[in-house]
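Report on the structure
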Amino acid sequence: MRHRQCLIIGYGNPLRGDDGFGLAVAEQLQETLDPESGFVIACQQLVPELAEPISRADVVIFVDARVGEPAGLVECERLRPAPLSPTATVHHADPKGLLALARGLYGATPNRAFLLTVRTLHFWYSESLSPEVRKAIPEAVERIQKILHR
């Protein structure tokens, strides 16, 4: 039986203010996460190539920023694969589409999948996170740790 791992994928554009939240959380986890607990990928956008490591994971957690208020509110939702669409891999992949792609190409999806987001309206050109979103990083890391240890 092959080893199934926990996978955390933090993504976003670090040059667009709070859109860099997923990368900041991934960086924090890379420094603090026990390698036995999971594997972290930091990337600027979700790409079809992520379907392969997703297919090998028991748990996958996508981390991103989303438009909304109040700024700094961390939310977590359970994900299911979307119906597989031929256009899902053309320009932009999303978490549900990548789960479907993993199932379609590799015949496997994680037992549990989550999207952890922080709300914000700050996507301006900046390399800094807003104070509200920066303060949300420890909460996001703690919530991820809880998911990984369930």
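Here we summarise the structure given alongside this text. (Residues numbered from 1 in each chain as written. Predicted model: local features only at pLDDT ≥ 70, side-chain atom pairs only at ≥ 80, totals over all residues. Heavy atoms only, no water.)

1. Focus on the side chain of Q5
Note the following rule: Labels follow the DSSP assignment, with helices taken as runs of H or I lasting at least four residues and strands as runs of E lasting at least two, numbered in each case from the N terminus. Contacts between residues were defined by any pair of non-hydrogen atoms, one from each residue, lying within 4.5 Å.
Mapping Q5 onto the fold places it in strand β1 (residues 5-11). For Q5, the residues in contact, after removing those within four places along its chain, are F39, P53, R56, A57, D58 and V59.

2. Description of the nonpolar core
For the record, the criterion: Only buried residues count toward a nonpolar core, which is a set of Ala, Val, Leu, Ile, Met, Phe, Trp, Tyr and Cys residues joined through side-chain atoms within 4.5 Å. Here the term buried applies to any residue with accessible area under 20% of the maximum for its type, exposed to any over 50%, and partly exposed to those in between, with areas from a 1.4 Å probe on protein chains only.
In this structure, I8, F21, V25, I61 and I144 are the most contacted members of the largest nonpolar core, which totals 25 residues. Top element by residues in this core is helix α4 (residues 131-148). It accounts for 8 residues. Those residues in contact with I61 that sit more than four places away from it in its chain are L7, I8, I9, F114, L116, I144, I147 and L148. Counting residues in each nonpolar core, the second largest holds 20 residues, with L7, A57, L79 and A93 among its members.

3. Focus on the pairing of β1
The side chains of a regular strand alternate between both faces of the sheet. Put simply, the rule is: Note on pairing: two strands pair once DSSP finds at least 2 bridges between them.
Most of β1 sits out of view: 7 of its 7 residues are buried. The side-chain alternation of β1 yields two buried faces, one formed by Q5, L7, I9 and Y11 and the other by C6, I8 and G10. Pairing of β1 with strand β3 (residues 57-67), which is carried by 6 bridges, proceeds in the parallel orientation. Across the sheet, the residue bridging to C6 is V59, located in β3. Sheet topology note: the β1/strand β2 (residues 39-43) ladder contains 5 bridges and is parallel. Among the inter-strand pairings, I9 is bridged to a residue of β2, identified as I41.

4. Observations concerning the environment of A26
Topologically, A26 is positioned in helix α1 (residues 21-32). Once the C-alpha coordinates of A26 and I137 are considered, the two residues, 111 residues apart in sequence, prove to be 9.7 Å apart. Aside from chain neighbours lying at most four places away, what touches A26 is G10, V40, I41 and A42.

5. Things to note about the sheet that holds strand β4 (residues 74-78)
Convention followed: Geometry is summarised by axes, namely lines fitted to C-alpha atoms with helices restricted to the contacting stretch, and by angles between N-to-C directions that run from 0 to 180 degrees.
If you walk across this open sheet you meet the 5 strands as β2-β1-β3-β5-β4, and the pairing is mixed. Every other strand in the sheet has two partners, leaving β2 and β4 as the edge strands with one partner each. The sheet shows a mean angle of 20° between the axes of neighbouring strands, direction not considered. Where α1 meets the sheet, its contacts fall on β1, β2, β3 and β5 (112-120), and the angle it forms with β2 comes to roughly 145°.

6. Some details on the pattern of salt bridges
Here is the rule: For this document, the term salt bridge refers to a Lys or Arg side-chain nitrogen within 4 Å of an Asp or Glu carboxyl oxygen.
A full pass over the atoms with the stated rule returns 5 salt bridges. Notably, a salt bridge pairs E75 with R119, separated by 2.8 Å at the nearest N-O pair. Note that E75 is positioned in strand β4 and R119 in strand β5, a separation of 44 residues in sequence. In this structure R119 comes out as buried when scored by relative accessible area, which is 19%. E139 is the salt-bridge partner of R143, the closest N and O atoms lying 3.6 Å from each other. On the criterion of helical spacing, the pair formed by R143 and E139 is a turn pair, its members being 4 residues apart in helix α4. The partly exposed category is assigned to E139, whose relative accessible area is 37%.

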